[in-house]
Each structure stands twice: as structure tokens, then as C-alpha cells.
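One letter stands for each residue in the lines below.
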Amino acid sequence: MAKLPDLQMRGTAGGMILYVRNGKQCMRSKPTKVANPRTQAQTQKRSQFGAISKFASSVLRNLIHPYWNPVARKQKRTGYNLFINTNLPAFRDGLVHPKKLLLCPENGLKQENFRVTLENHILQIQWESIIYSKKACREDQFCLLLLSPKGTLSLKENLALRSDQRAELELSTTTNQSVFAFWRRGDSYSESVWLWSSKFLVNYTKTKPVSKN
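Rules used throughout
Residues numbered from 1 in each chain as written. Predicted model: local features only at pLDDT ≥ 70, side-chain atom pairs only at ≥ 80, totals over all residues. Heavy atoms only, no water. Axes fitted to C-alpha atoms, helices over the stretch in contact; angles between N-to-C directions. Helix = DSSP H or I, 4+ residues; strand = E, 2+ residues; numbered from the N terminus. Parallel < 35°, antiparallel > 145°, perpendicular 65-115°, else oblique. Contact = heavy atoms within 4.5 Å. Nonpolar A, V, L, I, M, F, W, Y, C, P; charged D, E, K, R; others polar. Phe/Tyr/Trp six-rings, centres within 6.5 Å; stacked < 30°, edge-to-face > 60°. Buried < 20%, exposed > 50% of the residue type's maximum accessible area, 1.4 Å probe, protein only.

### Quick word on the packing of helix α2 (residues 60-74) against helix α3 (residues 79-87)
α3 packs onto α2 with a crossing angle of 90° between their chain directions and a minimal axis gap of 8 Å. With respect to their mutual orientation, α2 and α3 come out roughly perpendicular. Touching Leu60, Leu63, Ile64, Trp68, Asn69, Val71 and Ala72 of α2 are Gly79, Tyr80, Leu82, Phe83, Thr86 and Asn87, all from α3. Among the residues making up the contact of α2 with α3, the classes are represented as nine nonpolar, four polar and no charged.

### Regarding the packing of aromatic side chains
A complete count under the given rule lists eleven aromatic pairs for this structure. With a centroid separation of 5.5 Å and 75° between ring planes, the pair formed by Tyr67 and Phe182 is classed as edge-to-face. Placement of the pair is Tyr67 in helix α2 and Phe182 in strand β12 (residues 178-185), with a sequence separation of 115 residues. Tyr67 gets classed as buried once you look at its relative accessible area, which sits at 7%. Both rings, one in Trp127 and one in Trp183, keep their centres 5.1 Å apart while their planes meet at 80°; by these two values the pair is edge-to-face. Of this pair, Trp127 sits in strand β8 (residues 122-127) while Trp183 sits in strand β12; the two residues are 56 residues apart in sequence, bridging distant segments of the chain. We classify Trp127 as buried; its relative accessible area is 1%.

In C-alpha cells form, the structure reads like this:
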């Protein structure tokens, strides 16, 4: 490596790379070969990151901006970055695994323990909420997120109150989907929890924006 103290140049010249380090002009030769390993593990990581990035981009406006950005700002991060770091383990082998997917982070409200049964295409959801507090109010709204095999995410709001202790959802007989629940009260909300899937593994290769029903 040569040093040229009187210059301040950056870039390439012939077979050399010019750069400045600690205020001093330096240069080094270009590498003859740039390594780009394509091992099976690295290929899987690239595919995994590409898939979750595509999914996150499709839900920016209706999921990440309203629910992840407020939580991420407290950590001096972006909601997009926090969503990807949190959910990367849920994406692998060309599939998204719903049980590992966190669609909504916790922001002040507690989640409940649910009992879920399916009868005649009606998903019956029950919970026991006995002790109320700042994190669990009787008027908290029960909301569901529905994820289709193609990656379409729809939001169903205010299906019940926490004090109702039960809710129902009529499922489509022709569409596979995964169901997630969370609570909301004004600007506060609980983390989402996976409730049920018609198929545990969901293809994420095609994604669409969130739609409200």
C-alpha cells in the first residue's frame, strides 16, 4: 500500500483504488477476483431475507407504519427494520411459518390466553379476562388479522370487547388462511398471537397490501 500525503482523491485509476484514511491519501491495487460465495447456507439466507423484505414492503402502509413504527421509535429504529429482525426466523424453505410470525408488536396492552374450536366453518374464540388494569380494559377491542396462502393480509376490527370473553369468525370454505388476534384501545395495542391455520405453512412468494374489511 502506497501513501500520497498531498492528495485527497477517491475512486479508481487503472488497476489501483484511491481512498482517504485518517486524512491521508492512500491507494491499493484492485483485487483480481471478488468473492461471492454461493454455498447452500448463504443461498438460503439470501432467499430468506429477500422473501421477508418483499412481504414487509407489501404491508408498510397498513401494518408496519401504524403498529411497528411507534414501537421502533422508542428504540431509535425504523418499524421496517424491527419487523424484519423480529420475523426473519418465520421465513425459510420457501414458506412463512405462521406460528412464528409476529404481525403486531406489544404497545401497552396485554394479550390473553385463547381457546379456539372449529364447528361448521365457524371459528369460535374464547378467553377469560377477570382482572382488569391499564393493560387490560373491559372496552379493549378484539381484532383479527387474516393471512392467505398468497400473502394477502386482511384486518377485521372491533369484532368484540375484552369483556365479551368470546368472538366468532366465519371461515371461507375455499380459501386457506391463518388467523391472528390482537387487542386495540386508541393508540395502544397488544402483540398479535397466532390462533389457527387451515394449513400451517403459507407460501409467501406473492404478496398484496393489507385490505380492511
